[in-house]
Amino acid sequence: MGLDDRESLRVLQSALDDPDRSEALMRRFYASWFYLDDSVRELFTPDMARQQAAFGQALRWLVTEFLAQRAEQPVAFLAQLGRDHRKYGVTEAHYHRACQALFLALRTELGDRWSPAVDDTVTEALTLIAGAMSGAAEADPLPPWWDGTVVDHRRVSRDIAVIGLQLEKPMPYHPGQYVSVQVPQHPRRWRYLSAAVPPDPQGFIEFHVRAVPGGLVSGAVVTDTAPGDRWRLSNPHGGLTVDRDAGDVLMVAGSTGLAPLRALIMELTRFGQNPRVHLFFGGRYPCELYDLPALWELASCNPWLSVSPVAEFYNNPPWAADYPDPEPPRGLHVRQTGRLPEVVAGYGGWSDRQILICGRPGMVLATRAALIAHGADPGRIQHDPLVE
Ligand SMILES: Cc1cc2nc3c(=O)[nH]c(=O)nc-3n(C[C@H](O)[C@H](O)[C@H](O)COP(=O)(O)OP(=O)(O)OC[C@H]3O[C@@H](n4cnc5c(N)ncnc54)[C@H](O)[C@@H]3O)c2cc1C
Ligand code: HEM
């Protein structure tokens, strides 16, 4: 019966749905895996809690999909996960031991509920998972990662840096996409960053990074990064896009959420005719609107683009004097004071627009809700996945 055996899938689900059991299962799985294959431990960071939670969540979702007899989305997800796993140095050989350890952990966790039918279902599920992941990894024609050297690091505000990177070979991605990044200060802690420029045939790429409070990687990128640092990039993801035939565009960028929208705007400048694009660019203080000079240059050459700066506070903090002053040059809209969701929605209906929102998850959700309340069509609003 294998994956068609709903009763066995429900037994399997019972070990994953309960948070305490799932946590115990994950701990047991990784402990027995590291015991079976001691070359694997060093691929992971010392703290495993985040990883255990992510792995448990993925398995839970997969079993729910198997129970609903859906195959298309799980296979697509596993294929993507397998291609992504190449950046960790995962090879086909690793999958065998991983499945062996997971099988043992499940059998122990399920105890009395384990039966020949459950054995069959678990074996089939693990064969499918490992096969889809390793098969897609094997078939991917792209390299697992792209290495590059930091050629520019500008501290444009206290908490924000602009980083220019020269890749050894150009990376194919679409404007608006984000990539997975590993920096030398924190090996093995991959983070997503959005490219702030369209793909460049010579391999130059730019990122805008804001240090979040207590943030491990973002803090190191803003304060400790220097030209010469070697970064590793992987896996372009995301589907933010402007349809040039689908009417005017509203873009809302909170802080470094500007990066993907800026790449899309730069891409549009290649065309003579474009829909009107109105960009709201927001930060906490006026001094944090770090890219206004570049946006002003873009708007002054491209009449279809208008830019409205928005700051939460009217005055700058004392530390602003230590960083470049991004005061909007004349010709840009007057800066407004307030939070992005209220300021943007305050303009009334944007119901006829394609809308792209980028920034912290809280800001994206609040702006989305405010715009929908003012008549925006939810089906025309785009944003990246809301994970921190
Ligand atoms: C699709 C996508 C694209 C992204 N693009 C960019 C980008 O272009 N530029 C950029 O600066 N960041 C971007 N991020 C966020 C980035 O990937 C990291 O999550 C962020 O830099 C924090 O990593 P960290 O290691 O410093 O924090 P961690 O050490 O992982 O987390 C420390 C604390 O900070 C909180 N935290 C994590 N992320 C945020 C956040 N964004 N805002 C506020 N608090 C947070 C966590 O909840 C935790 O409490 C993007 C995220 C996603 C999902
Ligand atoms: C058996 C199927 C597997 C599944 C379902 C799975 C699932 C996941 C998930 C959901 C994540 C978190 C998302 C991500 O960062 O990509 C992850 C991360 C990771 N996986 Fe797997 N994985 C599998 C097999 C493997 C194998 C065989 C290895 C080999 C060593 C491996 C090594 C890693 C590493 C190193 C990470 C990053 C951990 C970190 O950030 O510290 N995985 N995996």
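Values in this document were obtained by computation on a predicted structure and should not be read as measured data.

Definitions and limits used
- Residues numbered from 1 in each chain as written.
- Chains lettered and ligands numbered in written order.
- Predicted model: local features only at pLDDT ≥ 70, side-chain atom pairs only at ≥ 80, totals over all residues.
- Heavy atoms only, no water.
- Core = buried A, V, L, I, M, F, W, Y, C linked by side-chain atoms within 4.5 Å.
- Buried < 20%, exposed > 50% of the residue type's maximum accessible area, 1.4 Å probe, protein only.
- Helix = DSSP H or I, 4+ residues; strand = E, 2+ residues; numbered from the N terminus.
- Contact = heavy atoms within 4.5 Å.
- 1 Å grid on protein atoms, 1.4 Å probe; cavity = no way out; pocket = protein on both sides within 12 Å on 5 of 7 lines; lining within 4 Å.
- Points joined across faces, edges and corners; volume = space filled by probe spheres on them.
- Nonpolar A, V, L, I, M, F, W, Y, C, P; charged D, E, K, R; others polar.
- Pairing = 2+ DSSP bridges.
- Axes fitted to C-alpha atoms, helices over the stretch in contact; angles between N-to-C directions.
- Near = heavy atom within 4 Å.
- Polar contact = N/O pair within 3.5 Å; in protein donor to acceptor, adjacent residues only side chain to side chain.
- Donors = N, O, S within 2.8 Å, 3.2 Å for Na, K, Ca; no water.
- Lys, Arg positive; Asp, Glu negative; His and termini not counted.
- Salt bridge = Lys/Arg side-chain N within 4 Å of Asp/Glu carboxyl O.
- Domains from an automatic or database assignment.
- Buried area = accessible area lost by both parts, 1.4 Å probe.
- Expected span 1.5 Å × (residues − 1).

Here is a general trend for soluble globular proteins: nonpolar side chains tend to be buried in one another's company. In terms of nonpolar packing, the biggest core is built from 39 residues, with Trp33 and Val122 touching the most fellow members. Breaking this core down by element, the ones donating at least two residues are α1 (6-17), α2 (19-36), α3 (49-67), α5 (92-110) and α6 (116-139). Sort the elements by how many residues they give to this core and α5 lands first, with nine residues. The residues touching valine 122, leaving out its near neighbours within four places in the chain, are Leu12, Phe103, Leu106 and Trp114.

Right, let's get into the layout of surface pockets. Here the idea is plain: a probe the size of a water molecule rolls over the atoms and shows the empty space left. Volume-wise, the second largest pocket comes out at about 150 Å³. Taken together, His174, Pro175, Leu240, Thr241, Val242, Arg244, Leu264, Glu267, Leu268 and Phe271 form the lining of the second largest pocket. Tallied by class, residues from the lining of the second largest pocket come to six nonpolar, two polar and two charged.

Spatial strand order, β10-β9-β8-β7-β11-β12: six strands in an open sheet with parallel pairing. Two strands bound the open sheet, and with one partner strand each, they are β10 (336-337) and β12 (381-382). Of the strand pairs in this sheet, strand β9 (residues 305-311) and β10 are connected by two bridges, and their pairing is parallel. Each bridged residue has a counterpart across the sheet, and for alanine 311 the counterpart in β10 is threonine 337. Strands β7 (249-254), β8 (277-283), β9 and β11 (354-358) of the sheet are contacted by helix α8 (residues 258-268), whose axis makes an angle of about 145° with β7. Seen against the sheet, helix α9 (residues 292-301) touches β8 and β9 and runs at an angle of roughly 155° to β9.

This part takes up the site of ligand 2. Taken together, 17 residues form the shell around ligand 2, and within it Trp33, Leu43, Gln51, His85 and Tyr88 come nearest. Glutamine 51 places a polar side-chain atom, nitrogen or oxygen, 3.5 Å from a nitrogen atom of ligand 2. Secondary-structure elements contributing two or more residues to the shell around ligand 2 are α3, α4 (72-85), α5 and α6. When residues of the shell around ligand 2 are assigned to their parent elements, the largest contribution, four residues, is made by α3. Across the shell around ligand 2, the residue classes tally to 13 nonpolar, four polar and no charged.

Attention now goes to the coordination of the iron atom of ligand 2. With respect to protein ligation, the iron atom of ligand 2 binds only His85 (NE2), at 2.1 Å. Summarising the element assignment, histidine 85 is placed in helix α4.

Bringing the side chain of lysine 87 into the picture now. Along the polypeptide, lysine 87 turns up in the loop between α4 and α5. Despite its burial, lysine 87 pairs with no opposite charge, the nearest such side chain being aspartate 84 at 5.1 Å. Discounting chain neighbours no more than four positions away, the residues touching lysine 87 are Pro144, Trp145, Ser180, Trp190, Ser234 and Asn235.

What follows is about the domain arrangement of the chain. Entries for the chain in the domain assignment read domain 1 (2-139), domain 2 (146-237) and domain 3 (249-382). A straight line from the C-alpha centre of domain 1 to that of domain 2 covers 31 Å. With 12 residues of domain 1 in contact, the opposing surface of domain 2 contributes eight residues. Summed over both partners, the interface of domain 1 with domain 2 buries about 820 Å², with 42% contributed by carbon and sulfur atoms. For domain 1, the biggest contributors to the area lost against domain 2 are Thr45, Asp84 and Lys87; these three give 55% of the whole. Between arginine 189 and aspartate 47 there is a salt bridge whose closest N-O contact spans 3.0 Å.

On to helix α11 (residues 361-373), then. Helix length check: α11 (13 residues) gives 18 Å between terminal C-alpha atoms against 18 Å at 1.5 Å per residue, within 8%. If you check which residues of α11 are buried, you get Pro361, Met363, Val364, Thr367, Ala370 and Leu371. Buried residues in α11 make contact with β7, α10 (340-345) and β11.

Judged from the four bridges that link them, strand β1 (residues 146-157) and strand β6 (residues 230-237) form a sheet pairing that is antiparallel. Looking at β6, one finds that tryptophan 146 is bridged to leucine 233. The pairing of β1 with strand β2 (residues 160-167) spans eight bridges and is classified as antiparallel. Bridged to arginine 155 within β2 is alanine 161. Here β1 folds back onto β2, and the loop between the two strands holds two residues.

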